[in-house]
Amino acid sequence: MTRGGQGLARVAVVVRAGAAPLWWPGVCAAGIGLLVPGLTGRRIGVLAGAALFVVAAAVAARWRRGRYRALARTTARAGKHDILQDRAVTARNWRRGHRWWLLLAFLAAVGTAFAVPAAGGLLLAGCGAGLWLKAAWIGRLEQADDVLLWVRVDWLRGGAGAPAGRTVKSYRTTGIAAGDAAPGGARRRGAAPGARRTPALV
């Protein structure tokens, strides 16, 4: 941060950062679970896991949507001295801040396979799918208002945290072309790392 500017992270990128670290370990844990019969048998385990996948994806996708909408309505324009954090940095901060929880979740998903094969892994994968859906929903909000939503980095615990948590008071906005991530948090096509780090043009 320079001359009174603040570091800003994309809201959608923070949400999306947890999707892959939940999805792929969940798929892996489900695959491992299919190798053991478990107490319930594979068929019941897979059916239970499929139900848990759908429920987890729906809950993760819809969790705190009202809070996100409220924060999106109370925005201020990013200043010319604010620093827009790269997509890769935001994702790395989230994953570092949650690495032990992710490891414990994977081990728990594998462990439950001995009771209900594949169910724990599919539950974990469902949470990841739900975060992808939530990031896509945030992207639609951004496109509807023709802005990108940003949150102050110092309001995210340890550089990660939740972009709709209690410490977050409001969002900031830039034009749709700012930063190196498209609406919804996906990598912008043709954007090099560090591209358009200030909101001055947008």
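Please read all numbers here as calculations on a predicted model, not as lab measurements.

A. Spotlight on helix α3 (residues 42-62). Between its first and last C-alpha atoms α3 spans 30 Å; for 21 residues at 1.5 Å apiece the expected length is 30 Å, and the two agree. Taken together, the buried positions of α3 are occupied by G45, G49, A56, A57, A60 and A61. Viewed end-on, α3 has its buried residues packed into an arc of 110°, placing them on one side of the element. Facing away from the buried side of α3, by more than 90 degrees, are the exposed residues R43, L47, V54 and R62. Buried residues along α3 sit in contact with α4 (65-73) and α7 (119-145).

B. Representation of the sheet that holds strand β2 (residues 75-77). Spatially, the 5 strands line up as an open sheet ordered β2-β5-β4-β1-β3, and their pairing is mixed. Only two strands of the sheet have a single partner each, and these edge strands are β2 and β3 (83-84). Sheet analysis places strand β1 (residues 7-10) next to β3, joined by 2 bridges and oriented parallel. Bridge pairing in β3 places G7 opposite I83.

Reading the values: rules and limits
Residues numbered from 1 in each chain as written. Predicted model: local features only at pLDDT ≥ 70, side-chain atom pairs only at ≥ 80, totals over all residues. Heavy atoms only, no water. Helix = DSSP H or I, 4+ residues; strand = E, 2+ residues; numbered from the N terminus. Expected span 1.5 Å × (residues − 1). Buried < 20%, exposed > 50% of the residue type's maximum accessible area, 1.4 Å probe, protein only. Arc of directions from axis to C-beta. Contact = heavy atoms within 4.5 Å. Pairing = 2+ DSSP bridges.

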